Amino acid sequence: MRDTVELLEAIGRDANLRRASPEVLARALEATHASPGLLELVAKGNSTALTTELGIGERFGEHHSQTGAHEDEASLLN
Amino acid sequence: MSSFVTITFAYYEPMNTSNLVSTESRRGSITSVGMGITLGSHLTPIARNYIETADVVFAALSDHVVELWLERLNPEVRSLQPYYRPGKSRMKTYREWVEVMMTEVRAGKRVCAVFYGHPGIFAWSPHKVIEVARAEGYEAYMEPGISAEDCLYADLGIDPARFGCQHLEASQLLFFERNLDTTGHVILWQLGVVGDRSLGRFKTPDAYRELLVERLCQDYPPDHEVIVYRAPTLPIEGPHIQRVALGDFVSAEYTGHETLVIPPVQALKPNAVWRARLDALDAIHGSGFEPAVTA
């Protein structure tokens, strides 16, 4: 079975695959022995199996405070 | 042409430039770089090199798979995710990030701080750690990355130069008296935490977004079409683009990572006063128009 992260990086920098249809992508992934989770995500848009395979969890994405929230109100309004 | 596409794994051997680097004793340094948004597609060559050659890499990434990829580029990755905690002010978390990064810089390490997208956009710590490091005499830089804003222009076909583009953190519309330019695009960010003044919540209830819509309806009709947009983090996905009436925004599909794009609702109005001033200058300096050809 092909390493999922390595495969995703390869797809990300491949001009033919980055915008390929789901059908073309699915065939390419099957040919490279992609993991069942990655195949399911491409075929059905379901990431549950891939999440389990990679042991990934929820991430928090905010890296900025809300301007004007309690901790920087003073610096803004003075 | 066959529709079957093979996946190739190109191997790139970079030129060895290590002998070009000064051999004088190294001091600590830090560079904030952006990972881009889409795995494999957006990482710039210089950001990749900073990551691969760092002694320590700190990671603040919104997608766990991207962090797994980062670990392939440099095994010395330290995730900043564990510093988050529900109920804890994110500003406290961000200050802790700066401190933990500076500890390694002060220890003489070559540090790379990796943030998703562009490290300087909607991110407090990358700017702050550079400010602190420079104040203490260390080398500190930021390298730009491809941001969600960049993806938005490409995916939605918007050129910010055409009508202008006003970007705001969504909460500012509820916290402050802000004027919206409805003749250009208005783009609102951080919708997931809109209205949160505690900095301790990771998502506010829908009622807060309903309040945002109420505020926006002071400037736009409720049936004005808006776009809910999310850029893809995995290269096997496309962008999420949902067009809804402003009044229906809260009922749109929403994960917390979306951006609201509000197209112009009014046409640009010519400014007669300043055009007359331009006419006066043209009379002195020439208009720049090609002279008309007379028969």
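Residues numbered from 1 in each chain as written. Chains lettered and ligands numbered in written order. Predicted model: local features only at pLDDT ≥ 70, side-chain atom pairs only at ≥ 80, totals over all residues. Heavy atoms only, no water.

> Help me understand unusual backbone geometry in this model?
Note: most residues except glycine have negative phi, and most peptide bonds are trans. All names here are of chain B. At Phe-122, a residue that is not glycine, the phi angle is positive and equals roughly 55°. Among the structural elements, Phe-122 can be located in the loop between β4 (110-115) and α4 (124-135). Overall, the relative accessible area of 27% leaves Phe-122 in the partly exposed class. Not every positive phi belongs to a glycine, and Leu-199 is a case in point at roughly 65°. (Helix = DSSP H or I, 4+ residues; strand = E, 2+ residues; numbered from the N terminus. Buried < 20%, exposed > 50% of the residue type's maximum accessible area, 1.4 Å probe, protein only.)

> I tried to follow helix α3 (residues 90-106) of chain B on my own but got confused; where do I start?
Residue and element names in this part refer to chain B. Its 17 residues give α3 an end-to-end C-alpha distance of 24 Å, which sits within 8% of 24 Å, the value for a rise of 1.5 Å per residue. Residues of α3 that are buried: Arg-90, Met-91, Thr-93, Tyr-94, Trp-97, Val-98, Met-101, Met-102, Glu-104 and Val-105. Its side-chain oxygen at 3.2 Å from the backbone nitrogen of Met-91, Ser-89 defines the N-terminal cap of α3. Just downstream of α3 lies Gly-108, where phi reads positive at about 90°. (Expected span 1.5 Å × (residues − 1). Polar contact = N/O pair within 3.5 Å; in protein donor to acceptor, adjacent residues only side chain to side chain.)

> I keep staring at the interface of chain A and chain B and nothing clicks. Help me out?
Frequently, the measure chosen for interface size is the accessible area removed from exposure when the parts meet. Counting from both sides, the interface comprises 47 residues of chain A and, opposite them, 57 residues of chain B. A buried area of about 4,600 Å², summed over both sides, lies between chain A and chain B, and 60% of it is on carbon and sulfur atoms. Joining chain A to chain B, the criterion identifies 2 salt bridges. The shortest N-O distance in the salt bridge between Asp-3 of chain A and Arg-72 of chain B comes to 2.8 Å. For the interface between chain A and chain B, the tally reads 6 residue pairs in polar contact (both at pLDDT 80 or more). Listed by contribution, the elements that provide at least two residues to the side of chain A that touches chain B are α1 (4-12), α2 (15-18), α3 (22-31), α4 (36-44) and α6 (73-77) of chain A. If you tally residues by element for the side of chain A that touches chain B, the top one is α1 of chain A, at 8 residues. Class assignment of the residues belonging to the side of chain A that touches chain B gives a composition of 20 nonpolar, 13 polar and 14 charged. (Contact = heavy atoms within 4.5 Å. Buried area = accessible area lost by both parts, 1.4 Å probe. Salt bridge = Lys/Arg side-chain N within 4 Å of Asp/Glu carboxyl O. Nonpolar A, V, L, I, M, F, W, Y, C, P; charged D, E, K, R; others polar.)

> Please clarify how the sheet that holds strand β5 (residues 139-142) of chain B should be interpreted in this entry.
Within a sheet, adjacent strands bond to each other through the backbone by hydrogen bonds, running parallel or antiparallel. All names here are of chain B. The parallel open sheet is built from 5 strands, whose spatial order is β3-β2-β4-β1-β5. Among the strands making up the open sheet, the edge pair consists of β3 (77-79) and β5. When strand polarity is set aside, the average angle formed by the axes of neighbouring strands in this sheet is 20°. Here 3 bridges tie strand β2 (residues 56-60) to β3, and the two strands are oriented parallel to one another. (Pairing = 2+ DSSP bridges. Axes fitted to C-alpha atoms, helices over the stretch in contact; angles between N-to-C directions.)

> Would you mind showing me how to read helix α5 (residues 148-156) of chain B here?
Residue and element names in this part refer to chain B. The complete set of buried residues in α5 reads Cys-151, Leu-152, Tyr-153 and Leu-156. Elements in contact with the buried residues of α5: α6 (160-163), β6 (165-169), β7 (185-189), β8 (225-230), β9 (240-245) and β10 (259-262). One or two residues past the end of α5 sits Gly-157, with phi positive at roughly 70°.

> Is there a simple way to think about the confidence of the model for chain A in this case?
Interpreting fine coordinate detail is not advised for predicted regions of low pLDDT. Across chain A, the average pLDDT comes to 84, with 91% of residues at or above 70. Taken element by element, the predicted model of chain A shows its lowest mean pLDDT in α6 of chain A (52) and its highest in α1 of chain A (94). (pLDDT = per-residue confidence, 0-100.)

> How do you make sense of the packing of aromatic side chains when you look at a structure like this?
The relative placement of two aromatic rings is captured by the distance of their centres and the angle of their planes. Residues and elements named next belong to chain B. Inspection of every chain in the model, using the stated rule, returns 5 aromatic pairs over all chains. For the pair Tyr-94 and Trp-97, a centre-to-centre distance of 5.4 Å together with 55° between the ring planes defines the contact as tilted. With a gap of 3 residues between them, Tyr-94 and Trp-97 both fall in helix α3, about one helical turn apart. Look at Tyr-94 and you get buried, because its relative accessible area is 0%. Looking at Trp-97, the relative accessible area reads 1%, which means it is buried. (Phe/Tyr/Trp six-rings, centres within 6.5 Å; stacked < 30°, edge-to-face > 60°.)

> Whenever I open this one, the sheet that holds β10 of chain B confuses me. Can you help?
Residue and element names in this part refer to chain B. Taken together, 5 strands build an open sheet; the order of strands is β6-β7-β10-β8-β9 and the sheet is mixed. Looking along the sheet, the strands with just one partner apiece sit at the ends: β6 and β9. For this sheet the average axis-to-axis angle between neighbouring strands, irrespective of direction, equals 20°. With 3 bridges connecting them, β7 and β10 associate as antiparallel partners. Residue pairing across strands places Val-186 opposite Ile-262, the latter belonging to β10.

> Honestly, the packing of α1 of chain A against helix α2 (residues 64-73) of chain B in this entry has me stumped. Any pointers?
Each pair of packed helices can be summarised by the angle the axes make with each other and by the distance between the axes. Across the interface, α1 of chain A lies against α2 of chain B with an axial gap of 10 Å and an inter-helix angle of 95°. Overall, the two elements α1 of chain A and α2 of chain B adopt an arrangement that is roughly perpendicular. Seen from α1 of chain A, the contacting residues are Val-5, Glu-6, Leu-8 and Glu-9 of chain A; seen from α2 of chain B, they are Val-65, Leu-68, Trp-69 and Arg-72 of chain B. Taken together, the residues of the contact of α1 of chain A with α2 of chain B sort by class into 5 nonpolar, no polar and 3 charged. (Parallel < 35°, antiparallel > 145°, perpendicular 65-115°, else oblique.)

> Can you walk me through the pattern of salt bridges in this structure?
Per the counting criterion, the structure on display carries 16 salt bridges over all chains. A salt bridge links Glu-131 of chain B to Lys-128 of chain B; the nearest nitrogen and oxygen atoms lie 3.3 Å apart. One end of the pair, Glu-131 of chain B, and the other, Lys-128 of chain B, are both in helix α4, 3 residues apart, so they sit about a helical turn from each other. The exposure class of Glu-131 of chain B is partly exposed, given its relative accessible area of 49%. Connected through shared salt-bridge partners, Glu-9 and Arg-13 of chain A together with Arg-48 and Glu-52 of chain B make up one network.

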